[in-house]
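A look at the structure
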Amino acid sequence: MDEMKRLKAALNTCIQCGTCTGSCPNADEMDLVPRKLWRMVLMDRVDSILDSRTFTLCSSCYLCTLRCPRGLPLTAAMAALKAVATQKDLKKHRESTRFYASFMESVRRHGRVREGEFMGLYFLSMKNPMLPLRFASLGIKLVKKNKVAFELPSKTGPGNLEGLFKKVAEIEEAS
Ligand code: SF4
Ligand code: SF4
């Protein structure tokens, strides 16, 4: 897998100091702390890495990247692992990758997220009629606080961010 080889090369100079783990606000929830995850990348433990929830819990805050004494691209590495899991459509990560994809699809169409459409896209992609029930109490709270706009779903929208999304796709294809 080319992406794993690229990651291994990018993380090659990790000295296992643990600064990334100590800086990560989400480390307590991760099954493999960041320091350990990088070690497993260097040891080619691909199956264990993709079985881990660590990279799906990364909130891209960049603290680890800013503090790593070797200047390693750690947030980008977390994103690369998310991309591998998305491409492989791994069952374990399906909920989080489709949640993220639905969010970004709504942003691409409208320049901002439309909450109703975003959740509709997510529920449709998961094909699980019981899933909305899991979000019911949160949805009720958000509606009571006027945090959800009721707008009809639209497949097109003004596409405010279309150009930006296209450019990113071009850059990713060329890299
Ligand atoms: S902070 Fe950098 S050098 Fe230290 S363990 Fe993390 S990745 Fe390795
Ligand atoms: S970018 Fe991700 S892994 Fe790094 S500190 Fe933030 S949440 Fe943790």
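Here's what I pulled together on the structure shown here. Each chain has its residues counted from 1, running along the sequence as written. Written order decides the labels, with chains lettered from A and ligands numbered from 1. Where local features are concerned, this predicted model is filtered to residues with pLDDT of at least 70; where side-chain atom pairs are given and counted, the filter is 80 or more; whole-chain, interface and lining totals use all residues. To get the side-chain values, take all heavy atoms of the structure and skip hydrogens and water.

1. Brief notes about the layout of surface pockets
To be explicit about the condition: Think of a 1 Å grid over just the protein atoms. A cavity is a set of points where a 1.4 Å probe fits yet cannot get out, a pocket is an open set with protein on both sides within 12 Å along at least five of seven lines, and lining residues have an atom within 4 Å of a point. Grid points are joined across faces, edges and corners, and a volume is the space filled by probe spheres set on the points. Starting at the N terminus, helices and strands are each numbered in turn, a helix being any DSSP run of H or I of at least four residues and a strand any DSSP run of E of at least two. In the scheme used here, Gly and all other residues not listed as nonpolar or charged are polar, with Ala, Val, Leu, Ile, Met, Phe, Trp, Tyr, Cys and Pro taken as nonpolar and Asp, Glu, Lys and Arg as charged. Domain segmentation is taken from an automatic or database assignment of domains.
Size it by volume and the largest pocket reaches roughly 1200 Å³. Counting only elements with at least two residues in the lining of the largest pocket, the list comes to α1 (2-10), α6 (74-88), α7 (94-110) and α11 (162-174). With 10 residues, α6 is the largest single contributor of residues to the lining of the largest pocket. Looking at the lining of the largest pocket residue by residue, the class counts come to 17 nonpolar, 8 polar and 8 charged. Looking at the lining of the largest pocket, you find at least three residues from each of domain 1 (1-88) and domain 2 (93-174). Considering only enclosed or pocket space, the second largest pocket measures out at about 360 Å³ in volume. In terms of lining, the second largest pocket is formed by 17 residues, of which the most central are M119, F135, G139, L142 and V148. For the lining of the second largest pocket, the elements supplying multiple residues, two or more each, are α8 (115-126) and α10 (136-144). Element by element, the count of residues in the lining of the second largest pocket is highest for α10, at 6 residues. Of the residues assigned to the lining of the second largest pocket, the class counts are 13 nonpolar, 2 polar and 2 charged.

2. Re the packing of aromatic side chains
The condition is simple: Ring geometry is summarised as follows: Phe, Tyr and Trp rings, the Trp one being its six-membered ring, pair when their centres sit within 6.5 Å, and such pairs are stacked at plane angles under 30 degrees, edge-to-face over 60 and tilted between the two. Burial status follows relative accessibility: with a 1.4 Å probe on protein chains alone, a residue under 20% of its type maximum counts as buried, one over 50% as exposed, and anything between as partly exposed.
In this structure the tally under the stated criterion is 7 aromatic pairs. Consider the rings of F99 and Y122, whose centres lie 5.0 Å apart with planes at 80°: the pair is edge-to-face. A residue pair is termed long-range when its members are at least 10 positions apart, and F99 in helix α7 and Y122 in helix α8 qualify at 23 residues. For Y122, a relative accessible area of 1% translates into the label buried. Look at Y122 and F135: their rings are 6.0 Å apart centre to centre, the planes differ by 85°, and that puts the pair in the edge-to-face class. A residue pair is termed long-range when its members are at least 10 positions apart, and Y122 in helix α8 and F135 in the loop between α9 (131-134) and α10 qualify at 13 residues. Every member of this aromatic cluster is reached through a ring pair, and the members are F99, F103, F118, Y122, F123 and F135.

3. Focus: the site of ligand 1
Here is the rule: One heavy atom within 4 Å of a molecule or strand makes the whole residue count as near it. Assignment of a molecule to a cavity or pocket requires that more than half of its atoms lie within 2 Å of the corresponding grid points.
Close to ligand 1 lie 14 residues; C14, C17, G18, C20 and C68 are nearest. In this structure the site holding ligand 1 corresponds to the second largest cavity. Of the residues belonging to the shell around ligand 1, the class tally is 9 nonpolar, 3 polar and 2 charged.

4. Notes on α6
The following threshold applies: Every helix has an expected span of 1.5 Å times one less than the residues it contains. Contacts between residues were defined by any pair of non-hydrogen atoms, one from each residue, lying within 4.5 Å.
A rise of 1.5 Å per residue sets the reference length of α6, with its 15 residues, at 21 Å; its end C-alpha atoms lie 21 Å apart and thus fit the reference within 8%. Among the residues of α6, those classed as buried are L74, T75, A77, M78, A80, L81, V84 and A85. At its buried positions, α6 is contacted by α1, α2 (19-23), α3 (34-42), α4 (46-51) and α5 (63-67). Looking one or two residues past α6, D89 carries a phi angle of roughly 50°, positive in sign.

5. Quick look at unusual backbone geometry
Of note, the phi angle at Q16 is positive, near 60°, even though the residue is not glycine. By the element assignment, Q16 lies in the loop between α1 and α2.

6. Section: the packing of α7 against α8
Going by this rule: Convention adopted: a line fitted to C-alpha atoms gives each axis, helices being fitted over their contacting stretch, and angles between N-to-C directions are expressed from 0 to 180 degrees. Comment on the angle field: the value is read as roughly parallel under 35 degrees, roughly antiparallel over 145, roughly perpendicular from 65 to 115, and oblique elsewhere. Left-handed describes a crossing whose near helix is turned anticlockwise from the far helix through less than a right angle; right-handed describes the clockwise counterpart.
The N-to-C vectors of α7 and α8 enclose an angle of 140°; their axes lie 8 Å apart at closest approach. Overall, the two elements α7 and α8 adopt an arrangement that is oblique. For the pair α7 and α8, the crossing hand works out as right-handed. Contacts between α7 and α8 involve R94, E95, R98, F99, S102, F103, E105, S106, R109 and H110 from the first element and E117, F118, M119, L121, Y122, S125 and M126 from the second.

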